[in-house]
Amino acid sequence: MRLYHTAPVRGFVPAALIVAPWVVFAWIYFGSIVPASVTAKLIVYSHTIQGSLPNLAEFKRQFIAGAPQIVLALGFIVGVAAVWSSSRSLRAPIVWLAVYYGTMLTSKVPAFGWYFVPPLPLYYLIAVTGWAAIAQRTNPLTASPRNSRLALAALLVLSVPLTRRIRSVSRDIALAQRVEDKVRRPLGVWLRGHARPDERIMLEPIGYVGYYSRLRVLDDIGLVSPEALEFYQSGSAYPLVEMARELQPDLLLLRFGERAQFLEYQRLNGVDPLAGFRFVRAWPDPVSGPMFFLYHSVLRRESGRNSESRVVK
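Throughout what follows, the structure given in this document is the object of discussion. Because the structure is a prediction, the values reported are computed rather than measured. (Residues numbered from 1 in each chain as written. Predicted model: local features only at pLDDT ≥ 70, side-chain atom pairs only at ≥ 80, totals over all residues. Heavy atoms only, no water.)

A few points about the pattern of salt bridges
Taken as a whole and judged by the stated rule, the model has four salt bridges. One salt bridge in this structure joins Asp198 and Arg196, with 2.8 Å as the shortest N-O distance. Residue class for Asp198 comes out partly exposed when judged on its relative accessible area of 30%. With its nearest N and O atoms 2.3 Å apart, the salt bridge here joins Arg255 to Glu204. (Salt bridge = Lys/Arg side-chain N within 4 Å of Asp/Glu carboxyl O. Buried < 20%, exposed > 50% of the residue type's maximum accessible area, 1.4 Å probe, protein only.)

Here you go:
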């Protein structure tokens, strides 16, 4: 009974009314309320990534790799203790943050940088609250208006190294965008000018390449091609090799590491899985060298389907 009186029961009904339309639509249109990308990533990365805490290194980089991150982390630890006892309304958000980051830490899905963003405002708020609590405990006189201003000034000083981190974040974003602009976009434009519109390409970076090429895509990690998932669920050590052999795409675009899977299969089995494809060209990464390798189906060419395709010329 006590739980009934303390829980915000009246908020459950409007919350349910807000969520209900999406649940009904997703169930009717997609057949599930769980996004297909979630299912695909869990299946694919559980097959390819090993270890109990595969994202631990990325968490260390995000939260304790430098002085600004350590300052925030210490403030957050103190802030959780301070907020938990003084602000009950923030307990639920703290639990959400813990569940969110805990799931990321233990998941097989790689912890991409943008996955960390949703809880960060709460993380920063609690971290600043923690340092404010430290300032007050260090000098009890901070309760006076003058010393409160001094405590605020101290927090602003601490924000300087945190603000400098924006430079490294901007640098990382610019580097990632450079790959999109200098590699994937030109790759997609080249394909649009050389491949037939009815050809299908098997690849993982379906965003820029798929958009600019306008080709039908076979997403080799199954985000938009659920037929790819069975090759990971089968437990095969070489799902991409089997996928290319069974689904027979017209074009095959392989990352450096994906190409290594085909070469390893050939070395161990004495059979070249790329025998049915002709190497066309590679696209360089402006930072680390060759990034993508394009192959065209020889079988498709011989059947006459690609007689007008300029990929093979």
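Now that the structure is up, let's keep going.
So, the sheet that holds strand β2 (residues 216-219)
Pairing is mixed across the open sheet formed by five strands, whose spatial order is β2-β1-β3-β5-β4. Either end of the sheet is taken by a strand with one partner, and the two such strands are β2 and β4 (277-285). Between one strand and the next, the sheet's axes are offset by a mean angle of 20 degrees, whatever the strand orientation. The sheet contact formed by strand β1 (residues 200-203) and β2 spans four bridges and is parallel. Note that in β2 the partner of Met202 across the bridge is Leu218. On the sheet, helix α12 (residues 256-269) packs against β3 (251-255) and β5 (289-297) and is oriented at approximately 110 degrees with respect to β3. (Pairing = 2+ DSSP bridges. Helix = DSSP H or I, 4+ residues; strand = E, 2+ residues; numbered from the N terminus. Axes fitted to C-alpha atoms, helices over the stretch in contact; angles between N-to-C directions. Contact = heavy atoms within 4.5 Å.)

Comments concerning the packing of aromatic side chains
Enumeration according to the criterion identifies 22 aromatic pairs in this entry. A ring pair is formed by Trp114 and Tyr115, whose centres lie 6.0 Å apart and whose planes are at 85 degrees; its orientation type is edge-to-face. A connected cluster of aromatic rings, assembled from ring pairs, spans Phe59, Phe63, Phe76, Trp96, Tyr100, Tyr101, Phe116, Tyr123 and Tyr124. Sitting over the ring of Phe293, Arg259 keeps its end group 4.4 Å from the ring centre. Here the basic side chain of Arg281 rests over the ring of Trp190, its NZ or CZ set 5.5 Å away from the ring centre. (Phe/Tyr/Trp six-rings, centres within 6.5 Å; stacked < 30°, edge-to-face > 60°. Lys NZ or Arg CZ within 6 Å of the ring centre and 35° of its normal.)

Section: the side chain of Gln261
Structurally, Gln261 is set in helix α12. When neighbours within four sequence positions are excluded, Gln261 is seen to be in contact with Ala237, Tyr238, Pro239, Leu240 and Val241.

As for helix α6 (residues 91-106)
Spanning 16 residues, α6 covers 22 Å between terminal C-alpha atoms, matching the ideal 22 Å at 1.5 Å per step. Within the sequence span of α6, burial applies to Ile94, Leu97, Tyr101 and Met104. Down the axis of α6, the smallest arc covering the buried residues is 95 degrees, so these residues share one side. Of the exposed residues in α6, those oriented more than 90 degrees away from the buried face are Ala92 and Val99. (Expected span 1.5 Å × (residues − 1). Arc of directions from axis to C-beta.)

Side note on the side chain of Asn55
Tracing the sequence through the fold places Asn55 in the loop between α3 (36-48) and α4 (56-63). Exposure remark for Asn55: the relative accessible area of 6% places this residue in the buried category. Polar contacts involving the side chain of Asn55 include one to the main-chain carbonyl oxygen of Val109, which spans 2.9 Å. (Polar contact = N/O pair within 3.5 Å; in protein donor to acceptor, adjacent residues only side chain to side chain.)

Quick word on the pairing of β3
Extensive coverage of β3 is indicated by the burial of four of its five residues. Two strands pair when backbone bridges link them, and β1 and β3 are joined in this way by two bridges, in the parallel orientation. Pairing of Ile201 across the sheet is with Leu251, part of β3. Relative to β5, β3 runs antiparallel, the two sharing five bridges. The partner of Leu253 across the bridge, within β5, is Leu294.

Here we look at α4
Inspection of α4 places Phe59, Gln62 and Phe63 among the buried residues, and these make up the whole buried set. Taken down its axis, α4 places every buried residue within 80 degrees of arc, on the same side.

So, the pairing of β1
In β1, alternate side chains face the same way, and those of Arg200 and Met202 on one face and Ile201 and Leu203 on the other are all buried. Chirality of the crossover, the property in question, places the unit of β1, helix α9 (residues 208-213) and β2 among those that are right-handed. (Right-handed = clockwise from strand over helix to strand, strands pointing away.)

Some thoughts on the nonpolar core
Counting residues in hydrophobic clusters, the biggest one holds 44 residues, and the most contacted among them are Tyr101, Tyr123, Leu252 and Phe262. Looking at which element gives the most residues to this core, the answer is helix α7 (residues 120-138), with five residues. Filtering out sequence-adjacent residues up to four positions away, Tyr123 remains in contact with Phe63, Leu72, Ala73, Phe76 and Leu97. Counting residues in each nonpolar core, the second largest holds 17 residues, with Val179, Val209, Trp283 and Met291 among its members. (Core = buried A, V, L, I, M, F, W, Y, C linked by side-chain atoms within 4.5 Å.)

A word on unusual backbone geometry
We note that Arg214 has phi near 60 degrees; this positive angle belongs to a residue other than glycine. Given a relative accessible area of 44%, Arg214 falls into the partly exposed group. Phi at Gln248 takes a positive value of approximately 50 degrees, unusual for a residue other than glycine. With respect to the helices and strands, Gln248 occurs in the loop between α11 (239-247) and β3. Using a relative accessible area of 41% as the deciding quantity, one classes Gln248 as partly exposed.

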